[in-house]
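# Fold and geometry: a report
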Amino acid sequence: MGFRAPASPASALSPAATAARTPARSIAAPTEAPTPTSQQQAASWGSGQWASFFCLENEHWRVIGLDTGYNSTAFDWGKMPFFQRSKIIRKSLHFKPKCLIPQPMLDWLQNTVKPDADKRGLILLSHHGAHSSFSDWYRFPAMQLAKIIHRPVLWFWGHEHKVAIYGKFAVPEGIECYGRCVGHSGMPVERGWEPDIDCNLLAWDNRLYKNDENISAGINGHANLRFDGATLHVDYVDLTGQLLFTEDWRVDLNSGSLTGPNLKQINPDPAVHMVQR
């Protein structure tokens, strides 16, 4: 995923209050951490790992990265071949990792970032997604976030190795979100399965990546986000540079409401799908 902003200072994304520097498998205490000096950054850049959550912001938008992978190592029954297509297991709270957002991270989100303190547009980034028409639902993070954020958000996630774009949807007791699965950048892309759970799927790509190994894999790609004041433009691009979809959003700073997506299919390939609703 890439971020771009025009030269206007108002559109440039800058770090908000961030978490303290911590080892890779620890979570910072829920306090506002001092910003490292340039000398400290120069001395330690490339060593260790900065915290796995962050907030980038400008006058109109906030991009919040959250770690859903910290509690994601439990056994997943949904990956067993016999249960793989079970809708009950895929939508269930159980039989899979809970992927709970750790409490110190939630405290940081509520007390330092304070997403309800103003009406800027909110964009979430995480590994796991709340829902899927193709695979597992990870509902616990969405339920946790619903207690802190009280308006719809754009939510980009991975985990599933495909691109899939959803309209506004909320799992039971979860935050309302416009989900965007963009887990197709670095791994073999899953294809072949048709969507079989209705959670307001709008678009997906099922093209075959042509190869001489008889492997049924899709085509990798990514999303570019371009910020310009209150507007956001998103391009969904494959590894050949072909544009699949575009969408456009606008945030109302008085209400925090998002207007969009004005989704358009650019690639006419019949295996590139967009639902007309």
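Residues numbered from 1 in each chain as written. Predicted model: local features only at pLDDT ≥ 70, side-chain atom pairs only at ≥ 80, totals over all residues. Heavy atoms only, no water.

### So, the pattern of salt bridges
To keep things clear, this is the line we draw: The term salt bridge refers to a side-chain nitrogen of Lys or Arg lying within 4 Å of a carboxyl oxygen of Asp or Glu. What counts as a helix is a DSSP run of H or I of at least four residues, what counts as a strand is a run of E of at least two, and both are numbered from the N terminus. To sort residues, take the accessible area from a 1.4 Å probe on protein chains only and compare it with the maximum for the residue type: under 20% means buried, over 50% means exposed, and anything in between is partly exposed.
The final tally for this structure, using the stated rule, is 9 salt bridges. The residue arginine 85 makes a salt bridge to aspartate 196 at a minimum N-O spacing of 3.2 Å. Of this pair, arginine 85 sits in the loop between strand S4 (61-65) and helix H2 (87-91) while aspartate 196 is found in the loop between strand S8 (177-182) and strand S9 (201-205), placing the two residues 111 residues apart along the sequence. Taking relative accessible area as the criterion, aspartate 196 reaches 27% and is therefore assigned partly exposed. Linking arginine 207 and aspartate 238 is a salt bridge whose minimum nitrogen-to-oxygen distance equals 3.0 Å. Residue arginine 207 is found in the loop between S9 and strand S10 (221-228), and its partner aspartate 238 is found in strand S11 (residues 231-238); the two are separated by 31 residues along the sequence. Grouping residues by exposure puts arginine 207 and aspartate 238 together as buried. Through salt bridges with shared partners, a single network forms among Glu57, Arg62, Asp118 and Arg120.

### Remarks on the pairing of strand S7 (residues 163-169)
The condition that has to hold: A pair of strands is considered paired only if DSSP assigns at least 2 bridges between the two.
Of all 7 residues in S7, 6 are buried; the element is thus mostly enclosed. Judged from the 5 bridges that link them, S7 and S8 form a sheet pairing that is antiparallel. Bridging from a neighbouring strand, alanine 164 pairs with cysteine 181 of S8.

### Remarks on the environment of glutamate 59
The topology assignment puts glutamate 59 in the loop between strand S3 (54-57) and S4. The class for glutamate 59 is exposed, based on a relative accessible area of 54%. It is 7.0 Å that separates the C-alpha atoms of glutamate 59 and serine 11, two residues lying 48 residues apart in sequence.

### Digging into the packing of aromatic side chains
Selection criterion: Two aromatic rings from Phe, Tyr or Trp, using only the six-membered ring of Trp, form a pair when their centres are within 6.5 Å; if the ring planes differ by under 30 degrees the pair is stacked, by over 60 it is edge-to-face, and anything between is tilted. Charges are assigned to positions over rings by a cutoff of 6 Å between ring centre and Lys NZ or Arg CZ, combined with an angular limit of 35 degrees from the ring normal.
Enumeration over the complete set of coordinates arrives at 10 aromatic pairs. An angle of 85° between the planes, with centres 5.1 Å apart, marks the rings of phenylalanine 82 and phenylalanine 83 as edge-to-face. The exposure class of phenylalanine 82 is exposed, given its relative accessible area of 74%. Arranged with centres 5.5 Å apart and planes meeting at 85°, the rings of tryptophan 155 and tryptophan 157 form a pair that is edge-to-face. Each of the two residues, tryptophan 155 as well as tryptophan 157, counts as buried. An aromatic cluster of three or more residues is present, and its members are Phe75, Trp77, Phe82 and Phe83. A cation sits over an aromatic face here: lysine 96 above tyrosine 138, 5.8 Å from the ring centre.

### A word on the sheet that holds S9
As a reminder, the rule being used: Should any heavy atoms of two residues lie within 4.5 Å, those residues are considered in contact. Only the stretch in contact is used when a helix axis is fitted, and all axes are lines through C-alpha atoms; the angle between N-to-C directions ranges over 0 to 180 degrees.
One open sheet holds the 9 strands; their spatial order is S2-S3-S4-S5-S6-S8-S7-S9-S15, and the pairing between them is mixed. Looking along the sheet, the strands with just one partner apiece sit at the ends: strand S2 (14-15) and strand S15 (272-274). Looking at chain direction, S4 and strand S5 (residues 121-126) are connected through 5 bridges and run parallel. Looking at S5, one finds that glycine 65 is bridged to leucine 125. Sitting on the sheet, helix H3 (residues 103-113) is in contact with S3 and S4, with an inclination near 160° to S4.

### Side note on the side chain of arginine 90
The test is simple: In protein, a polar contact means a hydrogen-donor-capable atom and an acceptor-capable atom, both N or O and within 3.5 Å, with residues adjacent in sequence counting only if both atoms are side-chain atoms; elsewhere, any N or O pair within 3.5 Å suffices.
Topologically, arginine 90 is positioned in helix H2. Of the polar contacts made by the side chain of arginine 90, one reaches the backbone oxygen of serine 135; its length is 3.5 Å. Of the polar contacts made by the side chain of arginine 90, one reaches the side chain of aspartate 196; its length is 2.6 Å. If we ignore the near neighbours within four places in the chain, the residues touching arginine 90 are Gln84, Arg85, Lys96, Ser133, Phe134, Ser135, Asp136, Trp137, Asp196 and Ile197.

### A look at unusual backbone geometry
Excluding glycine, residues mostly carry a negative phi; peptide bonds, for their part, are mostly trans. A cis amide bond, omega 5°, links glycine 260 with the succeeding residue proline 261. We note that phenylalanine 95 has phi near 70°; this positive angle belongs to a residue other than glycine. Locating phenylalanine 95 in the fold gives a position in the loop between H2 and H3. In this structure phenylalanine 95 comes out as partly exposed when scored by relative accessible area, which is 44%. A positive phi angle, close to 50°, is found at asparagine 262, a residue other than glycine. Secondary-structure assignment places asparagine 262 in the loop between strand S13 (258-259) and strand S14 (264-265).

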